Amino acid sequence: MKKTILALSLTTTMLFTQAGSAEASSSLNEILKLQPDISKRELLQDVRMIASNTGQSEQSIIEQIYTELKNDQDKGKEEKLARSDMSIYGGSGGTVSVGSSTKGNFYYTPSQTAYLDHGHVGMYFSSTTIVESVPSAGVRTISTTARKVDSSGAMVKSVTTSTTNRNNAANWANTQVGQSYSYNFATNRSTSHTGAKNCSKLIWSAYKLNGSLDLDVDGGLGVYPRDVRDAKGTALVRNI
């Protein structure tokens with residue numbers, strides 16, 4: 001046990017050294033401001049793993065994560081200009097039910113907290129049931145009647161694939177009910193399909209495993225809700 005702790009400590013120290021240029025350090029600090037629920041150690045461990053798997057430098061990966069976060073933040077600012085209120089954490093703080101839709105479709109709604117503004121997505125497990133991941137409960141199901149959002153900016157979208165893939169994706173997402181929530185959006189493409197996951201990871205994994213679809217508009221290191229919303233192969237069903 002002591003050897004494991006020592007090895008982890010040494011690995012973390014190495015990561016800090018390798019990612020220690022002024023530019024990388026500045027970007028790293030900005031990432032942690034934008035994703036405060038991720039620890040520095042966790043982030044650097046993910047960076048090292050991605051670097052090992054891709055051959056990219058750790059500094060370039062840190063810069064890429066920061067760029068993606070800033071781009072998503074800019075989208076959030078544009079979205080907010082069109083609205084005066086947003087639901088918190090994708091929770092049921094709105095006044096309009098998402099309504100029914102086809103199994104395998106998903107909904108998107110603007111969503112923010114004081115520091116986190118990535119929007120929120122949830123999948124239709126049936127025409128009247130949503131499966132989604134939220135901080136308060138992790139992966140859960142909720143009726144479409146009870147699932148309320150603020151109507152401005154919220155929408156339902158379909159995924160252009162076979163009915164079999166859509167059904168299998170929704171069925172898989174439902175098997176994840178009970179899994180805890182993960183605040184890690186920045187590198188969630190490289191994390192496990194099973195275990196803790198956020199809302200966009202749930203839908204991305206569901207279609208990645210069932211149809212080999214990549215519902216990520218920019219194919220970056222992180223899959224954010226707006227990445228799923230804007231992904232190639234999705235189509236607007238209706239605005240909520």
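Rules used in this analysis
Residues numbered from 1 in each chain as written. Predicted model: local features only at pLDDT ≥ 70, side-chain atom pairs only at ≥ 80, totals over all residues. Heavy atoms only, no water. Core = buried A, V, L, I, M, F, W, Y, C linked by side-chain atoms within 4.5 Å. Buried < 20%, exposed > 50% of the residue type's maximum accessible area, 1.4 Å probe, protein only. Helix = DSSP H or I, 4+ residues; strand = E, 2+ residues; numbered from the N terminus. Contact = heavy atoms within 4.5 Å. Salt bridge = Lys/Arg side-chain N within 4 Å of Asp/Glu carboxyl O. Polar contact = N/O pair within 3.5 Å; in protein donor to acceptor, adjacent residues only side chain to side chain. Phe/Tyr/Trp six-rings, centres within 6.5 Å; stacked < 30°, edge-to-face > 60°. Lys NZ or Arg CZ within 6 Å of the ring centre and 35° of its normal.

Colleague: Sorry if this is basic, but what is going on with the nonpolar core here?
Modeller: For soluble globular proteins, nonpolar side chains are generally found buried alongside one another. In this structure, Met-123, Ala-173, Ile-203, Tyr-207 and Leu-215 are the most contacted members of the largest nonpolar core, which totals 23 residues. Taken together, the elements giving at least two residues each to this core come down to β2 (106–109), β3 (120–126), β7 (155–159), α5 (163–175) and α6 (199–209). Of all the elements, α6 adds the most residues to this core, at 6 residues. Residues within four places of Leu-215 in sequence aside, it is in contact with Val-159, Ile-203, Trp-204, Tyr-207, Val-223, Asp-227, Val-228, Ala-231, Lys-232 and Thr-234. Val-47, Leu-69, Phe-185 and Tyr-224 belong to the second largest nonpolar core, which has 19 residues in total.

Colleague: Is there a simple way to explain the environment of Ile-31 in this structure?
Modeller: You can see Ile-31 is positioned in helix α2 (residues 22–34). Distance from Ile-31 to Ile-65, taken between C-alpha atoms, is 7.5 Å for residues 34 residues apart in sequence. Setting aside anything within four residues of it in sequence, one finds Ile-31 in contact with Leu-43, Ile-62, Ile-65, Tyr-66 and Leu-69.

Colleague: What is the right way to look at α6 in this model?
Modeller: An α-helical turn contains 3.6 residues, so a residue and the one three or four places further along point in the same direction. For α6, the tally of buried residues reaches 9 of 11 residues, placing the bulk of the element in the interior. Taken together, the buried positions of α6 are Cys-199, Ser-200, Lys-201, Leu-202, Ile-203, Trp-204, Ser-205, Ala-206 and Tyr-207. Phi for Gly-211, located one or two positions after α6, is positive at around 125°.

Colleague: Sorry, what's going on with the pattern of salt bridges here?
Modeller: Where charged atoms from two side chains of opposite charge approach closely, those side chains can pair. All told, the structure shown has 8 salt bridges when counted by the stated rule. Between Asp-72 and Arg-226 there is a salt bridge; the shortest N-O distance is 3.3 Å. With a gap of 154 residues between them, Asp-72 in helix α4 (residues 58–81) and Arg-226 in helix α7 (residues 225–229) connect regions that are remote in the sequence. As far as burial versus exposure is concerned, Asp-72 and Arg-226 are alike and both buried. A salt bridge links Asp-216 to Arg-189; its shortest N-O distance comes to 3.0 Å. Of this pair, Asp-216 sits in the loop between α6 and α7 while Arg-189 sits in the loop between α5 and α6, and the two are 27 residues apart along the sequence. For Asp-216, a relative accessible area of 6% puts it in the buried group.

Colleague: Would you mind showing me how to read the side chain of His-118 here?
Modeller: Mapped onto the secondary structure, His-118 falls in the loop between β2 and β3. A polar side-chain atom of His-118 sits 3.3 Å from a polar atom in the side chain of Gln-35. Polar contacts involving the side chain of His-118 include one to the side chain of Asp-72, which spans 2.7 Å. Excluding residues that lie within four positions of it along the chain, His-118 makes contacts with Gln-35, Leu-69, Asp-72, Tyr-108, Ser-111, Phe-185, Tyr-224, Pro-225 and Arg-226.

Colleague: Before we go on, may I ask you to explain the packing of aromatic side chains in this structure?
Modeller: For any pair of aromatic rings, the description consists of the separation of the ring centres together with the inter-plane angle of the planes. Counting across every chain of the model gives 2 aromatic pairs. Measuring from ring centre to ring centre gives 5.1 Å for Tyr-181 and Tyr-183, while their planes differ by 75°; the resulting arrangement is edge-to-face. Of the residues examined, Tyr-181 reaches a relative accessible area of 15% and is grouped as buried. Overall, Tyr-183 belongs to the partly exposed group, its relative accessible area being 28%. Judged by centre distance (6.0 Å) and plane angle (10°), the ring pair of Phe-185 and Tyr-224 falls under stacked. One end of the pair, Phe-185, is in the loop between α5 and α6; the other, Tyr-224, is in the loop between α6 and α7, with 39 residues separating them in the sequence. Across the pair, Tyr-224 and Phe-185 agree in class, each one buried. Taking NZ or CZ as reference, Arg-229 lies 4.8 Å from the ring centre of Tyr-108, over its face.

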